[in-house]
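Analysis of the macromolecular model
Now for the letters of each chain:
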Amino acid sequence: MALRAALRNKCGLSGLLSLRSSCSSHGRVCASPIAQQRNNSTSPKIKVDFDQSTGVAVMQMQSPPVNSLSLDFLTEFSIATEKLEMDKSCRGLIITSTQPKVFSAGLDIMEMYRKSPEHCGEFWKAVQEMWLKLYGSNMVTIAAINGSSPAGGCLMSIACDYRIMADNPRYSIGLNETQLGIVAPFWFKDTMINTVGHRTTEMALELGMLYNPSDALKIGLVDQLVPEDQVLTTATQTMTKWLAIPDHARQITKSMMRKPTIDKLTSNRETDIQYFVNFITKDSIQKSLGMYLAMLKKRKG
Amino acid sequence: MALRAALRNKCGLSGLLSLRSSCSSHGRVCASPIAQQRNNSTSPKIKVDFDQSTGVAVMQMQSPPVNSLSLDFLTEFSIATEKLEMDKSCRGLIITSTQPKVFSAGLDIMEMYRKSPEHCGEFWKAVQEMWLKLYGSNMVTIAAINGSSPAGGCLMSIACDYRIMADNPRYSIGLNETQLGIVAPFWFKDTMINTVGHRTTEMALELGMLYNPSDALKIGLVDQLVPEDQVLTTATQTMTKWLAIPDHARQITKSMMRKPTIDKLTSNRETDIQYFVNFITKDSIQKSLGMYLAMLKKRKG
Amino acid sequence: MALRAALRNKCGLSGLLSLRSSCSSHGRVCASPIAQQRNNSTSPKIKVDFDQSTGVAVMQMQSPPVNSLSLDFLTEFSIATEKLEMDKSCRGLIITSTQPKVFSAGLDIMEMYRKSPEHCGEFWKAVQEMWLKLYGSNMVTIAAINGSSPAGGCLMSIACDYRIMADNPRYSIGLNETQLGIVAPFWFKDTMINTVGHRTTEMALELGMLYNPSDALKIGLVDQLVPEDQVLTTATQTMTKWLAIPDHARQITKSMMRKPTIDKLTSNRETDIQYFVNFITKDSIQKSLGMYLAMLKKRKG
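Predicted, not measured: the structure shown is a model, and the values here were computed from it.

With that settled, consider the overall build of chain A. Helix and strand counts for chain A come out as 12 helices and eight strands. In chain A, which comprises 301 residues, the share counted as buried stands at 63%. Taking the intrachain contacts of chain A between residues at least 6 apart in sequence as the baseline, contacts between residues at least 24 apart amount to 77%. Accessible surface computed for chain A: about 11,500 Å², of which carbon and sulfur atoms make up 56%.

Shown next, in the form of structure tokens:
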């Protein structure tokens with residue numbers, strides 16, 4: 001059933017990786033007129049609204065066109081999350097997207113295509129950092145998934161405590177790396193196993209499956225579906241319920257559940273980076289990425 | 001869905017811990033006129049009827065008002081279980097309650113409120129012992145859950161081989177520790193993961209969720225629902241089916257499934273006790289327990 | 001529910017182990033006129049048709065009456081699988097049966113009844129080898145389960161990547177070892193946990209449960225049910241979809257999912273063999289096997 005669902009969705013595959021829009025700068029946090037239009041904005045790619053009265057921050061990913069997880073984006077994400085983590089008055093974090101139809105399209109392919117091993121390594125470290133920050137957060141984290149969420153976007157979602165997805169059959173979510181000829185690393189896999197179990201993960205990863213919201217709910221990849229315009233309000237309501245639990249008890253419990261999975265990466269970060277760099281810089285893999293890029297460009301054109 | 005269910009049940013929360021009735025003695029097995037009314041009674045808090053012809057013992061928890069797991073209760077429980085375990089003619093154990101509406105309300109809060117570290121340590125050792133005896137039993141163990149079963153009562157249930165619950169929507173079951181500001185230890189968590197999987201456990205423990213029978217069945221926290229007056233008869237019928245399997249093959253299989261989880265505690269009992277004592281004797285935790293006690297008293301009054 | 005299903009199925013129990021037909025030779029691959037009737041046949045017990053144009057091999061188990069996993073059968077199976085594994089043009093393997101009503105009845109009881117410890121050890125090593133080859137295969141492996149598949153037949157099925165079963169309520173599948181007084185070893189258990197999770201495995205193994213196709217689908221022991229005459233065509237169609245994924249990415253992913261489970265056996269093969277030999281040569285176990293054999297003979301007569 002799941003297999004059939006995946007294949008049904010295949011044509012809707014919006015892709016694991018996506019082209020960054022236009023920004024070619026590697027500066028981490030650059031001033032931006034858009035960012036300054038709002039009081040709480042901390043960067044051009046990530047906008048954070050923190051409500052002191054509720055203790056809840058809403059993080060809006062606003063990197064056109066599809067919130068690709070570029071090095072810049074990831075760095076801003078980790079800085080913003082770290083800031084909130086340090087602020088004891090911030091107890092909950094809701095993550096959502098301002099981009100139409102997409103939560104996040106996943107890792108930015110341009111950060112690993114024809115890039116130096118050093119750059120690839122720096123990029124991968126930033127991907128690790130994003131996951132470590134999110135999966136290990138003491139805050140209650142809720143993903144308000146108001147669009148498609150393949151690959152890295154899916155990872156970001158399953159690193160949260162709770163997932164609410166827009167009930168739009170055109171959206172999809174999943175770790176679809178193998179469809180592009182690349183491989184989800186062990187900590188993507190571990191996070192997925194912790195969410196949907198071993199067998200579902202095995203088939204989903206081998207086939208690079210993308211699930212529509214209804215199938216994602218069925219296998220437990222998301223926790224709840226709501227109409228698209230209610231994703232954020234439902235996240236806010238759900239947050240209230242999670243925050244009714246005493247923080248310290250919830251945090252110790254969360255850590256007990258997630259620490260073994262986190263420790264596996266923290267004690268192997270360098271090895272994991274080396275493995276990624278060796279893999280992604282292979283000629284055959286670069287060729288696959290090139291073909292994928294060409295396909296994306298043709299689709300746009 | 002599970003979350004909504006938990007929140008729906010919240011008002012019905014009968015509590016993780018409960019006041020012991022009146023007994024303040026710490027003597028382990030004290031004579032009791034009630035106990036002697038029945039042939040097989042071994043103690044005032046636990047009544048055991050062992051049927052030699054079937055090889056099945058029925059253990060009735062009869063400690064008013066709510067079968068709180070006090071030090072006395074736990075000690076009696078472990079002695080009774082050990083006795084049956086040593087008796088090679090006893091192959092199956094059914095656990096149920098004589099108290100209306102409750103299977104067991106869980107750990108007795110009075111054993112950890114304003115008590116010495118020594119007392120808390122002794123108490124915690126008895127909790128460990130109860131779980132070790134039950135989860136590692138060579139007998140077929142069936143929980144006949146004829147009432148609510150929060151926290152320690154839930155632990156007792158999921159330590160059995162099979163769970164039959166009364167189909168009464170007013171009853172609930174779950175590890176709701178975080179709702180009181182305390183934390184289910186790792187072996188509660190492991191037992192729950194072995195029963196309902198990682199993701200369900202994560203959310204259930206973080207939110208301290210209590211499930212009504214129907215939701216408990218859906219997530220696999222119990223195996224079967226029957227009308228309230230058929231819980232014990234169904235347990236007896238089910239036992240017959242389990243006893244049709246050759247003991248030695250079933251026991252080796254059970255041990256293979258459970259030994260790794262048991263070993264984690266047996267090789268860390270002292271550390272686990274120290275951790276509990278340090279946690280529970282903290283001022284902030286004692287304050288939480290005090291507030292909970294006051295709330296319980298008010299509710300009664 | 002699962003329990004009730006198992007008990008319903010009990011009368012349909014076709015057995016974990018079965019009598020080998022007539023062959024008493026221990027020669028591994030002996031010439032056979034039947035085998036030579038077809039071009040691709042490699043042995044009397046296993047027929048392999050490899051289609052170079054699709055890269056898919058179909059392996060038909062054709063050892064009457066019930067494809068018992070005898071030492072000869074297992075040896076042929078491992079040789080045939082190894083051959084395909086070495087052939088880089090072979091990317092997918094479909095396993096099915098030519099015998100009516102049965103996929104495989106499991107381990108051949110005659111290989112462990114009144115046999116020398118040496119023989120039992122050699123036999124067990126062949127069982128290990130079959131599983132290692134199949135569970136660790138780089139090919140896409142699909143079980144086309146066109147009949148009952150107890151015990152070793154179930155193991156073979158769950159070692160594949162995908163399971164399609166004939167939707168015939170008279171067929172059953174499961175690890176029913178305990179029903180015969182023997183025990184599924186840890187790597188049978190691990191494979192089952194990886195397929196259906198911890199709790200379902202615990203109950204299934206303790207009770208030696210056999211599931212009809214509908215219940216097997218419900219718990220995830222098989223992935224898909226189709227009418228009996230469509231099992232093989234569906235397997236072929238499904239294979240096409242799996243082969244659409246780039247081999248190297250799928251293989252790395254598969255290895256990441258399965259290697260820890262495989263390593264547990266490869267680093268303990270000798271211990272596991274010794275454990276099996278000690279167990280199976282016990283008087284009490286031999287007596288159980290003898291009674292089971294007598295029962296099988298009576299049923300035939």
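From this point, the discussion proceeds with the structure in view.
Opposite charge on two side chains permits pairing when their charged atoms draw close. Counting across every chain of the model gives 48 salt bridges over all chains. Lys259 of chain B is the salt-bridge partner of Asp263 of chain B, the closest N and O atoms lying 2.8 Å from each other. Of this pair, Asp263 of chain B and Lys259 of chain B both sit in helix H10 (residues 247-266), four residues apart, which is roughly one turn of that helix. In this structure Asp263 of chain B comes out as partly exposed when scored by relative accessible area, which is 31%. As a salt-bridge pair, Arg258 of chain C and Asp161 of chain C come within 3.6 Å of each other at their nearest N and O atoms.

Residues and elements named next belong to chain B. Contact pair helix H3 (residues 71-86) / helix H4 (residues 117-135): the axes reach a minimum separation of 9 Å and the direction vectors enclose 30°. Between H3 and H4, the crossing angle belongs to the class labelled roughly parallel. Crossing handedness for the pair H3 and H4: left-handed. Counted together, Leu71, Leu74, Phe77, Ser78, Thr81, Glu82 and Glu85 of H3 and His119, Glu122, Phe123, Ala126, Val127, Glu129, Met130, Lys133 and Leu134 of H4 form the full contact between these two elements. Its residues placed into classes, the contact of H3 with H4 shows eight nonpolar, three polar and five charged.

At the interface, 23 residues of chain C touch 26 residues of chain A. Buried surface at the junction of chain C and chain A, summed over both partners, amounts to about 2,100 Å²; 64% is from carbon and sulfur atoms. Summed over the shared surface of chain C and chain A, the result is two salt bridges. A salt bridge links Arg199 of chain A to Asp223 of chain C; the shortest N-O distance between them is 2.9 Å. Here chain C is connected to chain A by seven residue pairs in polar contact (both at pLDDT 80 or more). Listed by contribution, the elements that provide at least two residues to the side of chain C that touches chain A are strand S8 (162-166), helix H6 (186-196), helix H9 (231-243) and helix H10 (247-266) of chain C.

A few words now on the confidence of the model for chain A. Within chain A, residue pLDDT values average 88, and 85% of them lie at 70 or more. Listed scores for the predicted complex are pTM 0.88 and ipTM 0.87.

Looking now at the interface of chain C and chain B. In this complex, chain C contributes 26 residues to the contact, which on the side of chain B involves 23 residues. Taken together, both faces of the contact between chain C and chain B bury some 2,100 Å²; the carbon and sulfur share is 64%. Taken as a group, His198, Arg199 and Glu206 of chain C account for 32% of the area that chain C buries against chain B, more than any other trio of residues on that side. At the boundary of chain C and chain B, one finds two salt bridges. Remark: the boundary between chain C and chain B carries seven residue pairs in polar contact (both at pLDDT 80 or more).

Superposing chain C onto chain B takes a rotation of 120° combined with a translation of 0.0 Å along the rotation axis, leaving an RMSD of 0.0 Å. Classification of the inter-copy transformation places it as that of a three-fold axis. Taking the C-alpha atom as reference, chain C places Gly197 of chain C closest to the rotation axis, 4.3 Å from it.

Let us now look at the pairing of strand S6 (residues 140-145) of chain B. Residues and elements named next belong to chain B. With six of six residues buried, S6 lies mostly within the body of the structure. Burial along S6 is two-sided: Val140, Ile142 and Ala144 and Thr141, Ala143 and Ile145, pointing in opposite directions, are all buried. Bridge analysis of strand S4 (residues 92-97) against S6 gives four bridges, and the strand direction is parallel. Paired with Leu93 across the bridge in S6 is Thr141.

Residues and elements named next belong to chain C. Of note, Thr234 is situated in helix H9. On the basis of relative accessibility, which here comes to 9%, the residue Thr234 falls in the buried class. Setting aside residues up to four positions removed in sequence, Thr234 forms contacts with Ile164, Gln224 and Val226.

On to the sheet that holds strand S1 (residues 46-51) of chain A. All names here are of chain A. With mixed pairing, the six strands of this open sheet are ordered in space as S1-S2-S3-S4-S6-S8. The strands lining the two open edges of the sheet, one partner per strand, are S1 and strand S8 (224-226). The mean angle between the axes of side-by-side strands here comes to 20°, regardless of whether they run parallel or antiparallel. Inspection of the sheet shows strand S2 (residues 56-61) paired to strand S3 (residues 92-97) by six bridges, in the parallel sense.

Below, the discussion takes up helix H9 (residues 231-243) of chain B. All names here are of chain B. The end-to-end C-alpha separation of H9 is 18 Å, in line with the 18 Å expected for 13 residues at 1.5 Å each. Here H9 has its buried residues at Val231, Thr234, Ala235, Thr238, Met239, Trp242 and Leu243. Buried positions in H9, seen along its axis, are confined to an arc of 165° and lie on one side of it.

This part is about the pairing of S4 of chain B. Of all six residues making up S4 of chain B, six are buried, and the element is well covered by its neighbours. Side chains Gly92, Ile94 and Thr96 of chain B of S4 of chain B all project onto a buried face; the interleaved residues Leu93, Ile95 and Ser97 of chain B project onto the opposite face, where all are buried too.

Here the residue pair Pro64 of chain B and Pro65 of chain B is connected by a cis peptide bond, since its omega of 0° sits within 30 degrees of zero. By the element assignment, Pro65 of chain B lies in the loop between strand S2 (56-61) and strand S3 (68-69). Positive phi, normally seen in glycine, also occurs at Ala151 of chain A, with a value near 45°. Positionally, Ala151 of chain A belongs in the loop between strand S5 (149-150) and helix H5 (152-158). One non-glycine residue, Arg114 of chain C, lies in positive phi territory at about 55°.

All names here are of chain C. Between its first and last C-alpha atoms helix H3 (residues 71-86) spans 22 Å; for 16 residues at 1.5 Å apiece the expected length is 22 Å, and the two agree. The element H3 is extensively covered by neighbouring structure, given that 12 of its 16 residues are classed as buried. What H3 keeps buried is the set Leu71, Asp72, Phe73, Leu74, Thr75, Glu76, Phe77, Ser78, Ala80, Thr81, Leu84 and Glu85.

One can find Thr141 of chain A in strand S4 (residues 140-145). Among all residues touching Thr141 of chain A, those that are not within four sequence positions of it are Leu93, Leu134, Ala159, Cys160, Asp161, Tyr162 and Lys254 of chain A.

Turning to the packing of aromatic side chains, a few remarks are in order. Residue and element names in this part refer to chain A. Taken as a whole and judged by the stated rule, the model has 21 aromatic pairs over all chains. Seen from their ring centres, Trp131 and Tyr135 are 5.1 Å apart, and the 15° between their planes marks the pair as stacked. Here Tyr135 and Trp131 lie together in helix H4 (residues 117-135), a separation of four residues that amounts to about one turn. Take Trp131: its relative accessible area is 0%, and that puts it in the buried class. Judged by relative accessible area, which is 2%, Tyr135 ranks as buried. Put simply, the rings of Trp124, Trp131, Tyr135, Trp187, Phe188 and Phe276 touch in pairs and so form one group of aromatic residues.

Residues and elements named next belong to chain B. Taken N-terminus to C-terminus, the directions of helix H6 (residues 186-196) and helix H7 (residues 198-207) make an angle of 135°; their axes are 7 Å apart at the nearest point. With respect to H7, the element H6 is oriented oblique. Taken as a pair, H6 and H7 cross one another with a handedness that is right-handed. Across the interface between the two elements, Lys189, Met192, Ile193 and Val196 from H6 touch His198, Thr200, Thr201, Ala204 and Leu205 from H7. A class-by-class count of the residues in the contact of H6 with H7 yields five nonpolar, three polar and one charged.

What counts, and at which threshold
- Residues numbered from 1 in each chain as written.
- Chains lettered and ligands numbered in written order.
- Predicted model: local features only at pLDDT ≥ 70, side-chain atom pairs only at ≥ 80, totals over all residues.
- Heavy atoms only, no water.
- Helix = DSSP H or I, 4+ residues; strand = E, 2+ residues; numbered from the N terminus.
- Buried < 20%, exposed > 50% of the residue type's maximum accessible area, 1.4 Å probe, protein only.
- Contact = heavy atoms within 4.5 Å.
- Areas by Shrake-Rupley, 256 points an atom, 1.4 Å probe, with all protein chains shown as cover.
- Salt bridge = Lys/Arg side-chain N within 4 Å of Asp/Glu carboxyl O.
- Axes fitted to C-alpha atoms, helices over the stretch in contact; angles between N-to-C directions.
- Parallel < 35°, antiparallel > 145°, perpendicular 65-115°, else oblique.
- Left-handed = near helix turned anticlockwise from the far one by under 90°.
- Nonpolar A, V, L, I, M, F, W, Y, C, P; charged D, E, K, R; others polar.
- Buried area = accessible area lost by both parts, 1.4 Å probe.
- Polar contact = N/O pair within 3.5 Å; in protein donor to acceptor, adjacent residues only side chain to side chain.
- pLDDT = per-residue confidence, 0-100.
- Least-squares fit on C-alpha atoms with pLDDT ≥ 70 in both.
- Pairing = 2+ DSSP bridges.
- Expected span 1.5 Å × (residues − 1).
- Arc of directions from axis to C-beta.
- Phe/Tyr/Trp six-rings, centres within 6.5 Å; stacked < 30°, edge-to-face > 60°.

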